[in-house]
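# Residue-level structural notes
Chain residues, written in single-letter form:
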Amino acid sequence: MKKIIVINAGPRKGWNTDQLIREAAKGAESNGAEVEYISLFNLEKYTGCVSCFGCKLPNNFGKCVCKDGLTDVLEKIRNADGLIIGSPNYLSEMTASFRALYERLVFQVLTYNVDKPNCNDHMIPVLLIMTSNCAEEMYQQIGYADMLEKYKSTFERFVGPTEMLSCGNTLQVNDYSRFDWTMFDPEAKKQHHDETFQAYLERAFELGENL
């Protein structure tokens with residue numbers, strides 16, 4: 001049985017990112033995979049790469065030596081058959097939690113060796129999901145499209161073949177009247193969510209199934 005690690009790099013349980021990655025997980029399960037769900041915000045304290053270069057030394061070559069909340073996560077990914085990871089967009093980037101895992105996951109297998117720049121001998125498929133308040137038709141103009149392509153390229157070089165799903169113009173809260181957010185039309189936000197989000201869930205399921 002294939003083992004898929006499913007990671008939520010967002011803090012909000014039951015909201016857009018969480019719903020999409022869980023639907024992708026259901027898709028993987030429907031095709032016979034075993035899935036394990038991990039919320040980065042529920043882990044013990046951890047950091048991004050601390051540039052100790054322990055992963056470049058012979059005794060731990062290709063493995064992050066930093067011991068913290070991400071240690072077991074990295075090991076589980078190392079032994080998995082696939083990875084589903086989702087993050088909301090915060091200030092035009094993935095969350096800090098996503099970045100911490102991303103740095104540690106990738107840098108450990110980057111060798112700085114011209115002949116073999118990647119020492120990862122167990123490449124696995126990846127499904128990368130991003131949600132954003134910004135509408136998808138703006139992605140190219142404001143740089144989100146380039147950002148996602150860079151993540152895709154790096155994942156494919158060091159982790160494995162990568163599919164992406166982005167979901168824009170998301171519903172951020174149930175009650176917009178609590179906030180003075182004059183740049184939004186709450187009714188339009190709710191209507192867009194009601195009309196489109198189910199299709200994103202179905203696409204997430206399909207991508208998870210294919211994984």
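Only a predicted model underlies this, so the values are computations on that prediction, with no experimental measurement involved. (Residues numbered from 1 in each chain as written. Predicted model: local features only at pLDDT ≥ 70, side-chain atom pairs only at ≥ 80, totals over all residues. Heavy atoms only, no water.)

## A look at the pattern of salt bridges
What the rule picks out here adds up to 12 salt bridges. A salt bridge links Glu103 to Arg99, with the shortest nitrogen-to-oxygen separation between them at 3.7 Å. Here Arg99 and Glu103 lie together in helix H3 (residues 96–107), a separation of four residues that amounts to about one turn. Looking at Glu103, the relative accessible area reads 27%, which means it is partly exposed. (Salt bridge = Lys/Arg side-chain N within 4 Å of Asp/Glu carboxyl O. Helix = DSSP H or I, 4+ residues; strand = E, 2+ residues; numbered from the N terminus. Buried < 20%, exposed > 50% of the residue type's maximum accessible area, 1.4 Å probe, protein only.)

## Quick notes on the packing of helix H2 (residues 71–78) against H3
Interaxial distance between H2 and H3 falls to 11 Å at its minimum, and their mutual angle equals 55°. In terms of orientation, H2 lies oblique with respect to H3. Read as a crossing pair, H2 and H3 show a hand that is right-handed. Across the interface between the two elements, Thr71, Val73, Leu74 and Ile77 of H2 pack against Leu101, Arg104 and Leu105 of H3. Residue classes in the contact of H2 with H3 are distributed as five nonpolar, one polar and one charged. (Axes fitted to C-alpha atoms, helices over the stretch in contact; angles between N-to-C directions. Parallel < 35°, antiparallel > 145°, perpendicular 65-115°, else oblique. Left-handed = near helix turned anticlockwise from the far one by under 90°. Contact = heavy atoms within 4.5 Å. Nonpolar A, V, L, I, M, F, W, Y, C, P; charged D, E, K, R; others polar.)

## Quick notes on the pairing of strand S5 (residues 126–131)
Of all the six residues making up S5, six are buried; the element is thus mostly covered by neighbouring parts of the structure. Direction of pairing for strand S3 (residues 82–90) relative to S5: parallel, over a ladder of six bridges. Within S5, the residue paired with Ser87 across the bridge is Met130. (Pairing = 2+ DSSP bridges.)

## A few points about empty space enclosed by the protein
If you walk through the whole model with that rule in mind, you get two cavities of 30 Å³ or more. Roughly 100 Å³ of internal volume is contained in the largest cavity. As for the largest cavity, its lining consists of 14 residues, and the residues nearest its centre are Cys49, Cys52, Cys55, Cys64 and Phe107. Empty space within the second largest cavity amounts to approximately 50 Å³. Taken together, Asn16, Cys167, Gly168, Asn169, Thr170, Leu171, His192, His193, Thr196, Phe197 and Tyr200 make up the full set of residues lining the second largest cavity. Per-class residue counts for the lining of the second largest cavity are four nonpolar, seven polar and no charged. (1 Å grid on protein atoms, 1.4 Å probe; cavity = no way out; pocket = protein on both sides within 12 Å on 5 of 7 lines; lining within 4 Å. Points joined across faces, edges and corners; volume = space filled by probe spheres on them.)

## Focus on the side chain of Lys189
One can find Lys189 in helix H6 (residues 186–210). Buried charge without a salt bridge: Lys189, with Glu137 as the nearest opposite-charge side chain at an N-O distance of 10.0 Å. In this structure the side chain of Lys189 is engaged in a polar contact, spanning 3.0 Å, whose partner is the side chain of Asn169. The residues touching Lys189, leaving out its near neighbours within four places in the chain, are Asn133, Asn169, Thr170, Leu171, Tyr176 and Phe184. (Lys, Arg positive; Asp, Glu negative; His and termini not counted. Polar contact = N/O pair within 3.5 Å; in protein donor to acceptor, adjacent residues only side chain to side chain.)

## Considerations on the packing of helix H1 (residues 16–30) against H6
Interaxial distance between H1 and H6 falls to 6 Å at its minimum, and their mutual angle equals 40°. Here H1 is positioned oblique relative to H6, judged by the angle of their axes. Both H1 and H6 take part in a crossing whose hand is right-handed. Of the residues in H6, those touching H1 at Asn16, Gln19, Leu20, Glu23, Ala24, Lys26, Gly27, Ala28 and Ser30 are His193, Phe197, Tyr200, Leu201, Ala204, Phe205, Gly208 and Glu209. Taken together, the residues of the contact of H1 with H6 break down into eight nonpolar, six polar and three charged.

## Brief notes about the packing of aromatic side chains
As enumerated under the stated definition, the model contains 12 aromatic pairs in all. The interplanar angle of 70° and the centroid separation of 6.0 Å between the aromatic rings of Phe107 and Tyr112 together place this pair among those described as edge-to-face. What links up through ring pairs into an aromatic cluster is the set Phe98, Tyr102, Tyr151 and Phe155. (Phe/Tyr/Trp six-rings, centres within 6.5 Å; stacked < 30°, edge-to-face > 60°.)

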